[in-house]
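Here are the chains, one letter per residue:
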Amino acid sequence: MASDFDPTMCPVRNVLDHISTKWTPLILLTLQSGALRFSQLHKQVPDISKRMLTQSLRDLERDGLLSRKVFPTKPPSVEYELTELGLSVMVPMGALVDWAENNFEKMKSARRDFDNGMQV
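Fair warning: this is a prediction, and the values are worked out from it, not measured in the lab. (Residues numbered from 1 in each chain as written. Predicted model: local features only at pLDDT ≥ 70, side-chain atom pairs only at ≥ 80, totals over all residues. Heavy atoms only, no water.)

1. Digging into the pairing of strand E3 (residues 77–82)
By the bridge criterion, two bridges tie strand E1 (residues 36–37) to E3 in an arrangement that is antiparallel. Looking across to E3, one finds that Leu36 is bridged to Tyr80. Of the strand pairs in this sheet, strand E2 (residues 66–71) and E3 are connected by six bridges, and their pairing is antiparallel. Each bridged residue has a counterpart across the sheet, and for Ser67 the counterpart in E3 is Glu81. Linkage of E2 to E3, two consecutive antiparallel strands, is achieved through a turn of five residues. (Pairing = 2+ DSSP bridges. Helix = DSSP H or I, 4+ residues; strand = E, 2+ residues; numbered from the N terminus.)

Put into C-alpha cells, the structure is as follows:
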C-alpha cells in the first residue's frame, strides 16, 4: 500500500538528498584529482564558506564518500581524500558533468525564451 511507503528508507531519495546538494558535487569533483588539505580545498571552491565546507566534508565523511586524515602538526592539519565509494560515484557524476557541459547553452536559451514569455 502507498500508505506503507517510508521515504526515509528509499535508497534513491536518500542518496540523492546527499549527492545533489549545492556543494557536494563541487567538493567531490575537486577531490577527484587527489587528496587535499582543507585550505587547498577551500581555495578551489572559494565561494563556499568555511563553515559550510566543514559541514559538507563532515557529511561526506559520514556517508563514506571521503576520508579525513589528521596530521600531528601544530596546528593540526587535515587532509581529505575520496574513498573507494567516493570514487565510484564519480562515474555517474562524470556523465552528468558531461551532459551539463553539452547542454548548458540549450538550457540558457530555453530559460531566456521562457523568461521572455516564449514558452514552448
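Having seen the structure, we can now continue with the description.
2. With respect to the environment of Lys74
Structurally, Lys74 can be placed in the loop between E2 and E3. On the accessibility criterion, Lys74 (84% relative accessible area) is exposed. (Buried < 20%, exposed > 50% of the residue type's maximum accessible area, 1.4 Å probe, protein only.)

3. Observations concerning the UniProt feature "domain: HTH hxlR-type" (unreviewed entry) in the chain
The UniProt record annotates "domain: HTH hxlR-type" (unreviewed entry) at residues 10–108. Taken end to end, residues 10–108 is 63% helix and 14% strand, and its two terminal C-alpha atoms sit 33 Å from one another. (UniProt positions renumbered as here; feature names shortened; annotations may be inferred.)

4. Let's talk about the environment of Ala100
Checked against the element boundaries, Ala100 lands in helix H5 (residues 84–115). Look at Ala100 and you get partly exposed, because its relative accessible area is 35%. As for Ala100 and Pro76, which are separated by 24 residues in sequence, their C-alpha atoms are 38 Å apart.

5. So, unusual backbone geometry
Residue Pro75 follows Lys74 across a cis peptide bond; omega there is -5°. Looking at the element boundaries, Pro75 is found in the loop between E2 and E3.

6. Looking at the sheet that holds E2
If you walk across this open sheet you meet the three strands as E1-E3-E2, and the pairing is antiparallel. Each end of this open sheet is capped by a strand with a single partner; those strands are E1 and E2. Lying over the sheet, helix H2 (residues 24–31) contacts E1, E2 and E3, oriented at roughly 95° with respect to E3. (Contact = heavy atoms within 4.5 Å. Axes fitted to C-alpha atoms, helices over the stretch in contact; angles between N-to-C directions.)

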